[in-house]
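# Residue-level structural notes
These are the residues of each chain, in order.
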Amino acid sequence: MTTPFPFTSGQTLTAAQMNAITTLPINDQTASYTLVVGDVGKRVIMNNASATTITVNNSIFSTGDTIFIANKGAGTCTITAGAGVTVNVNGSLALTQYGGGTLVALSASTFTFFPGSVKNTLSVDFLLVGGGGGGGGSNGNQGGGGGGGGFVTGSGIIGKTTYTVKVGAGGAGGTNRISNPGTRSAFINGANGGGGGGGDDSRVGQLGGSGGGGSTSAAGGTGISGEGNNGGSSSAGTNGGGGGGASAVGANGSSTTGGAGGAGTTNDYNGTSQSYSDGGGGAGSVTNGAAGGGSAGAAPSGNAAANRGGGGGGAQGSGNGGNGGSGRVIIRYLTADAAGLTISTTGTVSTGTSGSYTYHDYTATGTLVVA
């Protein structure tokens, strides 16, 4: 039955009317709407597939007046303060579908909106790619390929704070027969840089997310468990081993051929499927080793692609190795799960959507801010 609210002086209520007090009247709206005094004690419910507003004007309501506001439409409904009005909230005034809460007048011009629930955490997935290792330099022998940067995917729950997102640098190609590793990328977790490839002076491939290839009959570097694989060894003569990749070990160098880099791993968190953390090719006296995939450099001295964590190619005969590729961090979450939170970023970052996810794609160090 219809509730008798608001009551009038001297009114007598039946038992049925008393029971109906909790059944507040509903004011259905299908377009942007301005609250009126007659909405006090009612439920104002918006239903529109497009964005709408519900406006609260000055000097309409008295202290203590309450209105329940909800949105059942697919379009976001935003509670908007009119001229001279302040509406405070711990959360957001933008109501996504099925969101709602209670608006309370503290004075004629000041209101507090109490959301039905306050969102404080968010579940995220992340991809971390460390910087790739530089290819080994050489002065008469053959340099090993740089290891791919560490490749880590994971998930976690984040709260309302500022998070540092670190994107690792690629290792420079080996100069003066020295190899250089990449550096670590991090967000919640971390992915180590790839190991540099071996050169004339530092013949053993370096440890890294994936190990660098060895040079001059030396072993390849060890990859870190859960991030990558070992680099290939220089198993015969001076020919360099391939750098390890995220999904495969680097190939060993043979009598005249440099080892191929190990294959990386593909990921599509930013809506584009591409390989990351491939190993760089090792140099050979006759035949050079191929890159493990599109993110890495082939021998001799090929540079890896930027922001994909590939290893650089080893130097042939005499010269510098190829540069390792810089790393990358991609963070994504279900778009619907972020309702009630304000999320912003700093740094070199692209934000977009892929299916039901929102992603933030960092190609340089920055921050993720959740409020």
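Figured I'd write up the structure that's included with this text. As the structure is a computational prediction, the values presented were derived from the model and not from experiment. (Residues numbered from 1 in each chain as written. Predicted model: local features only at pLDDT ≥ 70, side-chain atom pairs only at ≥ 80, totals over all residues. Heavy atoms only, no water.)

## Comments concerning the overall build of the chain
- A tally of regular secondary structure across the chain gives one helix and 24 strands.
- The C-alpha radius of gyration computed for the chain amounts to 31 Å, which surpasses the reference 21 Å derived for 371 residues by more than 25%, pointing to a less compact arrangement than a globule.
- For the chain, the residues scored as buried account for 49% of the 371 residues in total.
- The long-range fraction of contacts in the chain, counting pairs at least 24 apart against all pairs at least 6 apart in sequence, stands at 55%.
- As displayed, the chain offers around 14,500 Å² of accessible surface, 50% of which is attributable to carbon and sulfur atoms.
- With 12 positive and 11 negative side-chain charges, the chain shows a separation of 2 Å between the mean positions of the two kinds. (Helix = DSSP H or I, 4+ residues; strand = E, 2+ residues; numbered from the N terminus. Rg over C-alpha atoms; globule rule 2.2 N^0.38 Å. Buried < 20%, exposed > 50% of the residue type's maximum accessible area, 1.4 Å probe, protein only. Contact = heavy atoms within 4.5 Å. Areas by Shrake-Rupley, 256 points an atom, 1.4 Å probe, with all protein chains shown as cover. Lys, Arg positive; Asp, Glu negative; His and termini not counted. Charge placed at Lys NZ, Arg CZ, Asp CG, Glu CD.)

## Focus on the nonpolar core
- If you look at the biggest cluster of nonpolar residues, it comprises 20 residues, and the most contacted ones within it are Leu35, Val56 and Ile69.
- Filtering out sequence-adjacent residues up to four positions away, Leu35 remains in contact with Val44, Ile54, Thr55, Val56, Ile60, Phe61, Ile67, Ile69 and Leu103.
- Listed in part, the 19 residues of the second largest apolar core include Val165, Ile331, Tyr362 and Leu368. (Core = buried A, V, L, I, M, F, W, Y, C linked by side-chain atoms within 4.5 Å.)

## Here's the deal with the pattern of salt bridges
- Taken as a whole, this structure holds two salt bridges when the rule is applied.
- With its nearest N and O atoms 3.1 Å apart, the salt bridge here joins Arg332 to Asp125. Of this pair, Arg332 sits in strand E20 (residues 328-334) while Asp125 sits in strand E11 (residues 121-129); the two residues are 207 residues apart in sequence, bridging distant segments of the chain. (Salt bridge = Lys/Arg side-chain N within 4 Å of Asp/Glu carboxyl O.)

## A few points about the environment of Thr66
- You can see Thr66 is positioned in strand E5 (residues 66-71).
- A C-alpha to C-alpha distance of 49 Å links Thr66 and Val167, two positions 101 residues apart in sequence.
- When neighbours within four sequence positions are excluded, Thr66 is seen to be in contact with Asp39, Val40, Gly41, Thr102, Leu103 and Val104.

## Overview of the pairing of strand E9 (residues 100-105)
- Counting buried positions along E9 gives five out of six residues, so the element sits mostly inside the fold.
- Sheet topology note: the E5/E9 ladder contains five bridges and is antiparallel. Its bridge partner being in E9, Ile67 is matched across the sheet by Leu103.
- Looking at chain direction, E9 and strand E10 (residues 110-115) are connected through five bridges and run antiparallel. From the neighbouring strand, Thr102 faces E10, where its bridge partner is Phe114.
- The turn joining E9 and E10, which pair antiparallel and follow one another in sequence, is formed by four residues. (Pairing = 2+ DSSP bridges.)

## Points about the sheet that holds E20
- Spatially, E13-E11-E20-E23-E22 is the arrangement adopted by the five strands of the open sheet, whose pairing is antiparallel. Only two strands of the sheet have a single partner each, and these edge strands are strand E13 (151-159) and strand E22 (349-354). Averaged over all neighbouring strand pairs, the angle between strand axes comes to 20 degrees, with direction disregarded. (Axes fitted to C-alpha atoms, helices over the stretch in contact; angles between N-to-C directions.)

## A word on the side chain of Asp65
- Within the fold, Asp65 resides in the loop between strand E4 (52-56) and E5.
- This buried residue, Asp65, is left without a salt bridge; Lys42 holds the nearest opposite charge, at 13 Å.
- At 2.8 Å, the side chain of Asp65 and the backbone nitrogen of Ser62 are in polar contact.
- Beyond its immediate stretch of four places on either side in the chain, Asp65 contacts Val40, Leu103, Val104 and Ala105. (Polar contact = N/O pair within 3.5 Å; in protein donor to acceptor, adjacent residues only side chain to side chain.)

## Observations regarding the side chain of Thr112
- Summarising the element assignment, Thr112 is placed in strand E10.
- A relative accessible area of 14% places Thr112 in the buried class.

## Considerations on the environment of Ala51
- As for its position among the elements, Ala51 is in the loop between strand E3 (43-46) and E4.
- Classification of Ala51 as exposed rests on a relative accessible area of 65%.
- A sequence separation of 20 residues divides Ala51 from Asn71, and the C-alpha atoms of the two residues are 11 Å apart.
- With residues up to four places along the chain from it excluded, the contact list for Ala51 reads Gly75 and Thr76.

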